[in-house]
Amino acid sequence: MNKVFSLDIVTPTHSFSFDNVTYVKCPGTEGYFGIMKNHTNSILNLKEGVISVKTEEKEIEFSCSAGIADINSDSTDDIPDKVLLLVENAQELEK
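Quantities reported herein were computed from a predicted structural model and do not represent experimental measurements. (Residues numbered from 1 in each chain as written. Predicted model: local features only at pLDDT ≥ 70, side-chain atom pairs only at ≥ 80, totals over all residues. Heavy atoms only, no water.)

**Q** So what's going on with unusual backbone geometry? Which residues, and what values?
**A** One non-glycine residue with positive phi stands out, namely Asn-38, at about 70°. Within the secondary structure, Asn-38 sits in the loop between strand 3 (31-35) and strand 4 (42-46). (Helix = DSSP H or I, 4+ residues; strand = E, 2+ residues; numbered from the N terminus.)

Below is the structure:
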């Protein structure tokens, strides 16, 4: 069973795209929340903080401004899950 999903982090001037994400941790207005494959379809508010993206190969962190997370999950493996994070600013952090 495929346990990955796609993620797009979009700002007005740039976007970051990943096709093999296993986990995302986001700064929500009620605290941090995690997203995995088959997450409930949701639209959630984001606050300023750090987005952690875990792929099959590595982990990447982004500082971000407030925005919205749009989570679209499908119950079949034929249609990939898609997460869209719309934020004003996002910058990859050095490790």
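Read on for the rest.
**Q** Can you explain the pairing of strand 8 (residues 82-87)? Please cite residues and give values.
**A** Burial along strand 8 is one-sided: Val-83, Leu-85 and Val-87 are buried, and none of Lys-82, Leu-84 and Leu-86, which face the opposite way, are. Across 5 bridges, strand 1 (residues 5-10) lies against strand 8 in parallel orientation. The partner of Ser-6 across the bridge, within strand 8, is Lys-82. Judged from the 6 bridges that link them, strand 7 (residues 67-72) and strand 8 form a sheet pairing that is antiparallel. Note that in strand 8 the partner of Ile-68 across the bridge is Leu-86. (Buried < 20%, exposed > 50% of the residue type's maximum accessible area, 1.4 Å probe, protein only. Pairing = 2+ DSSP bridges.)

**Q** Can you lay out a nonpolar patch on the surface for me, pointing to particular residues and giving the numbers?
**A** Together, Ile-43, Ile-68 and Leu-86 line one region of the surface with nonpolar side chains, adding up to about 280 Å² of accessible area. Position of Ile-68 relative to the elements: it lies in strand 7. Classification of Ile-68 by relative accessible area gives partly exposed; the value is 37%. (Patch = residues over 30% accessible without salt bridge, like charges linked within 9 Å, V, L, I, M, F, W, Y side chains within 5 Å. Areas by Shrake-Rupley, 256 points an atom, 1.4 Å probe, with all protein chains shown as cover. Salt bridge = Lys/Arg side-chain N within 4 Å of Asp/Glu carboxyl O.)

**Q** Describe the environment of Ser-17, naming the residues involved and giving the relevant values.
**A** Within the fold, Ser-17 resides in strand 2 (residues 15-28). We classify Ser-17 as exposed; its relative accessible area is 52%. Between the C-alpha atom of Ser-17 and that of Ser-42, which follows or precedes it by 25 residues, the distance is 19 Å. Not counting the four nearest positions on each side in its chain, Ser-17 is found in contact with Leu-7 and Asp-8. Within polar-contact distance, the side chain of Ser-17 engages the side chain of Asp-8 at 2.6 Å. (Contact = heavy atoms within 4.5 Å. Polar contact = N/O pair within 3.5 Å; in protein donor to acceptor, adjacent residues only side chain to side chain.)

**Q** Explain the nonpolar core to me, using residue names and the numbers behind them.
**A** Ranked by internal contacts, the top residues of the largest apolar core, which has 22 residues, are Leu-7, Ile-9 and Leu-85. Where this core is concerned, the elements lending two or more residues are strand 1, strand 2, strand 3, strand 5 (49-55), strand 6 (59-64), strand 7 and strand 8. The element best represented in this core is strand 2, accounting for 5 residues. In this view, Leu-7 contacts Phe-16, Ser-17, Phe-18, Val-21, Val-24, Val-53, Val-83 and Leu-85; residues no more than four positions away in its chain are not counted. (Core = buried A, V, L, I, M, F, W, Y, C linked by side-chain atoms within 4.5 Å.)

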